[in-house]
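Next come the chains, spelled out residue by residue.
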Amino acid sequence: MSKLQDYVERIEALGRAQGLDYYPVDFELVPPSFMMEVAVYGLPVRMPHWSFGVRWIYQMVQHKMGHSRIFEVVFPGNPNRAYLVNNNSLEENALVVAHVLGHADFSHNNLLFQRSQREAGFHIVEQAAAHAHRIDEAVEIAGQRRVEAVLDAALALEQHIDTHQHLNRPDYPPPKRQAPAERPVDGFHSRFGALPGEASRRGRPEAPPELKIPPQPEADLLWFIAHYGPALEDWERDIFLAVREESFYFQPVFNCQIMNEGWASYWHARLLREADFLPSELYLNAMKTHSDVVRPHAGDKQVALAVNPYHLGFNIWEYLVREVGLDKARQVMKEEDDTGFIRNYLTPELARELNLFVYEAKRDGEVRVTDSNIHELHEAIIAPKYNFGAPRVLVDDLRSDGTLVLRHDYKTDGRGLDSQRAQRVLEYVHRVWRRPVMLYTVDARGEEECLRA
Amino acid sequence: MSLSDDLAGEHGNRWYDLFSRGTRDWLRHNEKIREAVNDALPDLIAHSDVLTRPDNRTVQVPVRFMEHFRFRLLNPQQQKGAGQGQAEPGDLLKPGQGQSEGAQGSGGNEEGGMSFVMEFKVDDILDYLWEELQLPNLKPREGTQLEEDDYVREGWDKKGARSRLDRRRTIKEAVKRRAVQGAAAVPITNDDLRFRQLVKRRQPTTNAVVFFLLDVSSSMDDHCRKLAKTFFFWALQGIRRQFVNVETVFIAHTIEAWEFQEEQFFQVRGEGGTQSSSAFQKAIEIANDRYDPSRYNSYVFYASDGDNFMEDRHRARAALEQLAPRMNFLGYAEVSGRHHQRLNTECGVLFKRLKESGAPAGSYALSNENDIWPAIKAFFTEQAAEAE
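Please read all numbers here as calculations on a predicted model, not as lab measurements.

Reading guide: rules and limits
Within each chain, residue numbers correspond to sequence positions counted from 1 in written order. Going through the entries in the order they are written, you letter the chains from A and number the ligands from 1. Owing to the predicted nature of the model, reporting of local features is limited to residues with pLDDT of at least 70; listing and counting of side-chain atom pairs is limited to 80 or more, with chain, interface and lining totals taken over all residues. Where side-chain values are given, they derive from all heavy atoms of the structure, hydrogens and water being excluded. Should any heavy atoms of two residues lie within 4.5 Å, those residues are counted as being in contact. Accessible area, probed at 1.4 Å, shrinks when two parts are joined; the buried area is that loss added up over both. Salt bridge, as applied in this entry: a Lys or Arg side-chain nitrogen positioned within 4 Å of an Asp or Glu carboxyl oxygen. Numbering goes from the N terminus for both helices and strands, where a helix is a DSSP run of H or I of at least four residues and a strand is a run of E of at least two. By definition, two strands form a pair when at least two bridges between them are found by DSSP. Between the N-to-C directions of two axes lies an angle of 0 to 180 degrees, each axis being a line fitted to C-alpha atoms and, for a helix, fitted only over the stretch in contact. When the near helix sits turned anticlockwise from the far one by under a right angle, the crossing is termed left-handed; a clockwise turn instead gives a right-handed crossing. Following the grouping adopted for this structure description, the nonpolar residues are Ala, Val, Leu, Ile, Met, Phe, Trp, Tyr, Cys and Pro, the charged ones are Asp, Glu, Lys and Arg, and the polar ones are all others, Gly among them. We call a residue buried when its accessible area falls under 20% of the maximum for its residue type, exposed when it is over 50%, and partly exposed in between, using a 1.4 Å probe and counting protein chains only. For this analysis, a nonpolar core means a set of buried residues of the types Ala, Val, Leu, Ile, Met, Phe, Trp, Tyr and Cys, connected via side-chain atoms within 4.5 Å. The predictor reports its confidence for every residue as pLDDT, a score running from 0 up to 100.

Caption draft 1: Seen up close, the interface of chain B and chain A. Taken together, the contacts link 63 residues of chain B with 97 residues of chain A. Summing both partners gives a buried area of about 7200 Å² for chain B against chain A, and 56% of it is carried by carbon and sulfur. Inspection of the chain B/chain A interface yields six salt bridges. The closest approach of N and O atoms between Lys80 of chain B and Glu376 of chain A, which form a salt bridge, is 3.8 Å. Contributing elements (two or more residues each) for the side of chain B that touches chain A: β1 (2-4), α2 (15-18), α3 (21-39), β3 (78-85) and β4 (92-94) of chain B. For the side of chain B that touches chain A, the element with the most residues is α3 of chain B, which contributes 10 residues. Direction of pairing for strand β4 (residues 303-304) of chain A relative to β3 of chain B: antiparallel, over a ladder of two bridges. Counted as the bridge partner of Ala304 of chain A is Gln84 of chain B from β3 of chain B.

In structure tokens:
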């Protein structure tokens, strides 16, 4: 039995004793090249698309230049699937095992994760592989260009889902028919009804009321296009729904990143601290790796224009456990996402201690630290996470000629869309929708602008 | 709990060793870039020395990563963010870079910001363009004097030189025979052997010579030269597609004409006036000296801003008329920054007359890059029509 295997068992026993509660974890040692692909695709086997190729080469360059290092990836499920890099040191991997247990605990207990796993199933890794396989089959049948056109559109709308609805969501209910009001039979109507030909017309049912689709603005663009696209083929709808299912899985990962990474970092630090079976040298090396991961800024830089989620999350959890105890902290872990976590638990004292600040970047590249209060700091951290990181674009109307009318909720977002990019997205969508597609937003001066494809 | 370790490498590879999805999608991305770049090709050729060098048939094009577009908010005037480190309110973390609109802070670390160099084979580009623009191929000049004897493969025989053994056909024969003979058959017998035969055929000659005539008088500015160069380049590439051996002659002129090597050709600058007859005379001289009209398809391209001395008119016309009969085609590209007065110049009129007299000639007015493609297209279409 390898040393690492031995450590895994002992660390797990320690974790369970400390109250970690999770589905079993399958660890697998994989080469770094595989890790890099998993990091880029977000899933071990995922649908092919050229945009992943761009991210991949970018990651490769970063990696070659030594700017990024990936330690582990874990996919929640039953079992959890964790991948460790096979050329990392034993110390690093011992740390990573403890880290992974923190993630497993988090994904098993956090309500958002629970919900997404109930919806998307507990086997997202297998599901995604099945999607990839079906898309390969579609390529066989319809050819690469057509499949790529569908993926261009579906992946561009990846963030536009509505997780308040179920994954398997029924069509809009048909409108309730209003019982026709009984007309009072007065002299005129009875005489009119007696006219020749009127009798047969009276017997006819009234035309059903017009059903507006969607009945209210619809945020789930992927679902809407898959269900209401006037000319989509079945395999095209299938691709939209596959992308949507993966997005359902990705959303809580995105929405809880600070909490989740912080929680896992908290637990790897705590478990290794209490693992008396580890040789002290190994512990020291592991702790060195730990401090590399949760440091606030890279290299020798004194200031970072970003917040390291590992560092921030780790410190908030340390603070919480110290101040309110582990049980209350676990309760927070179950119920919050990053928005609530930051707003409720990143206190002014902690922010000062961590040297967090708000900066303002001008268009000409000037970056200046601003004088800000804690609320402005909260919002600066949370803002990029709003609405899955995407502008709010809703389906406004499906016209009888098949025109798809989208509307950007610029009031919520505070400003309009980048119209060049939006135009290109509309073109992607139009190729699949096959009827006119329109989008209302505002331009830089705040005047309404309508894009068409 | 379970831990699968890395011993698998010794027993056999795992599935993810077999191929890299990242590489696959990256290559697909590059393929898409090639397609996109092909559309923008005419503007991308700028180096003069890509014209003739046979071993340098690639062009390097810097390209940016393709962006997979998503909905995104407008860039705000000011963007707020959260940072971490020793900093006090009011601290300047990065200085501004003046007024430049393009600078978007440190946003350069997005994928869209990276660029790399891609190499394109000129032949691939041309194949693509000819298909895309549906350009006709050039036709060699009709007429017996432009034909040469050549051997071509035709038919098969059971005897022949070893080097012309057709293996595929031989094996086919052997398979057929063995199917009939059954188990006792020998693999290959002498009877199975098939040899390709050669026959003598008269072939249109595949030699061509292209004369590039350039007006380098002081009125030809850089803009005009660039247009001329690009036009020459694409005309030459089209000719190269059709003929195996293409030779080039570069003649620059003011009131005199000189022959140049390609390298210097586009750098040459002359002073003073313009007498296009000098260039035509030079072309005639060189053609008489070196290029036997019975062995070469000949093309002339003349680029000028159109100005020519009035007193040269008759001489120029005479020289052109002398030149025309030995040419497959004469192309005139009028390059100028002006939009008016197109082809109404001295030279323009000269070539108009030439065409009216029945010679294979065409004129094209180029005042900016967008005119080049229509001109190239017109040239190949007209040339094909002339050769009919």
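The structure having been displayed, the exposition proceeds.
Caption draft 2: Spotlight on the packing of helix α7 (residues 144-156) of chain A against helix α11 (residues 234-255) of chain A. Residue and element names in this part refer to chain A. Interaxial distance between α7 and α11 falls to 10 Å at its minimum, and their mutual angle equals 35°. For the pair α7 and α11, the crossing hand works out as right-handed. Residues Arg146, Val147, Val150, Leu151, Ala153, Ala154 and Leu155 of α7 pack against Trp235, Glu236, Ile239, Phe240 and Val243 of α11. Its residues assigned to classes, the contact of α7 with α11 comprises 10 nonpolar, no polar and two charged.

Caption draft 3: Looking closely at the pairing of strand β8 (residues 404-408) of chain A. All names here are of chain A. β8 sits mainly inside the fold: four of its five residues count as buried. Both strand β7 (residues 393-398) and β8 contribute to a ladder of five bridges, which runs antiparallel. Bridging across to β8, Val395 finds its partner in Leu406. In this antiparallel pair of consecutive strands, β7 and β8, the connection spans five residues, and Gly402 shows a positive phi of 90°. In the sheet, β8 pairs with strand β9 (residues 437-442) via four bridges, with the strands oriented parallel. Directly across from Leu406, in β9, lies its bridge partner Leu439.

Caption draft 4: Region of interest: the packing of helix α4 (residues 90-109) of chain A against helix α15 (residues 326-335) of chain A. Residue and element names in this part refer to chain A. In the contact formed by α4 and α15, the axes pass within 8 Å of each other and the chain directions differ by 65°. In the packing of α4 onto α15, the handedness of the crossing is right-handed. Between α4 and α15, the contacting residues are Asp105, Phe106 and Asn109 on the first element and Arg330, Met333 and Lys334 on the second.

Caption draft 5: Fine view of the nonpolar core. In terms of nonpolar packing, the biggest core is built from 120 residues, with Phe224, Phe240 and Leu406 of chain A together with Phe71 and Phe301 of chain B touching the most fellow members. Per-element accounting of this core gives the leading share, 10 residues, to helix α6 (residues 222-242) of chain B. Every residue in contact with Phe71 of chain B, bar those within four places of it in the chain, is listed here: Leu157, His160, Leu221, Pro391, Val393, Leu406, Leu417, Ala422, Val425, Leu426 and Leu439 of chain A. Among the nonpolar cores identified, the runner-up in size contains 67 residues, and Met259, Ala275, Val307 and Ala329 of chain A belong to it.

Caption draft 6: Representation of the sheet that holds strand β5 (residues 356-362) of chain A in the model. Reading across the sheet, the five strands line up as β4(A)-β3(B)-β5(A)-β6(A)-β4(B) and stay open at both edges, with antiparallel pairing between neighbours. A single partner strand is all that each edge strand has here, and the edge strands are β4 of chain A together with β4 of chain B. Across four bridges, β5 of chain A lies against strand β6 (residues 367-370) of chain A in antiparallel orientation. Within the sheet, the bridge partner assigned to Ala361 of chain A lies in β6 of chain A and is Val367 of chain A.

Caption draft 7: The sheet that holds strand β10 (residues 257-260) of chain B, seen in detail. All names here are of chain B. Strand order in the open sheet made by the six strands is β10-β9-β8-β11-β12-β13, with mixed pairing throughout. At either end of the open sheet lies a strand with only one pairing partner, and these are β10 and β13 (361-366). The mean inter-strand angle of the sheet, taken between neighbouring strand axes irrespective of direction, is 20°. Helix α10 (residues 346-356) rests against β11 (297-304), β12 (329-335) and β13 of the sheet, and its axis sits at about 155° to β12.

Caption draft 8: Structural view of unusual backbone geometry. Residue and element names in this part refer to chain A. Cis peptide bonds are those with omega within 30 degrees of zero, and the linkage from Asn78 to Pro79 qualifies with 0°. Looking at the element boundaries, Pro79 is found in the loop between β2 (72-75) and β3 (80-85). Between Ile213 and the following residue, Pro214, the backbone shows a cis peptide bond with an omega angle of -10°. Along the chain, the position of Pro214 falls in the loop between α9 (198-203) and α10 (221-228). The phi dihedral of Asn355 is positive, around 60°, even though this residue is not glycine. Among the structural elements, Asn355 can be located in the loop between α17 (348-353) and β5. Unlike most non-glycine residues, Phe388 shows phi in positive territory, near 60°. Topologically, Phe388 is positioned in the loop between α18 (374-382) and β7. A relative accessible area of 9% means that Phe388 is categorised as buried.

Caption draft 9: Up close: the environment of Ile135 of chain A. Residues and elements named next belong to chain A. In this fold, Ile135 is placed in helix α6 (residues 124-142). Since its relative accessible area comes to 2%, Ile135 is described here as buried. It is 9.3 Å that separates the C-alpha atoms of Ile135 and Ala242, two residues lying 107 residues apart in sequence. Contacts of Ile135, omitting those with residues within four sequence positions, involve Met47, Pro48, Val147, Leu151 and Ile239.

Caption draft 10: Structural context of the pattern of salt bridges. All chains considered together, the criterion is met by 40 salt bridges over all chains. When the shortest N-O distance is used, the salt bridge between Asp396 of chain A and Arg407 of chain A registers 3.3 Å. Residue Asp396 of chain A is located in strand β7, and its partner Arg407 of chain A is located in strand β8; the two are separated by 11 residues in the primary sequence. For Glu346 of chain B, the salt bridge goes to Arg313 of chain B, with nearest N and O atoms at 2.7 Å. A residue pair is termed long-range when its members are at least 10 positions apart, and Glu346 of chain B in helix α10 and Arg313 of chain B in helix α9 (residues 313-323) qualify at 33 residues. Taking relative accessible area as the criterion, Glu346 of chain B reaches 18% and is therefore assigned buried. Look at Arg313 of chain B and you get partly exposed, because its relative accessible area is 31%.

Caption draft 11: Examining the confidence of the model for chain B more closely. All names here are of chain B. Here chain B shows a mean pLDDT of 76. Residues at 70 or above account for 76%. Across chain B, the element-wise mean pLDDT spans from 42 in helix α1 (residues 8-11) up to 90 in helix α5 (residues 167-181). Considering only residues more than four positions removed or in separate chains, one finds that residues 46-53, a stretch of pLDDT under 50, has 25 contacts.

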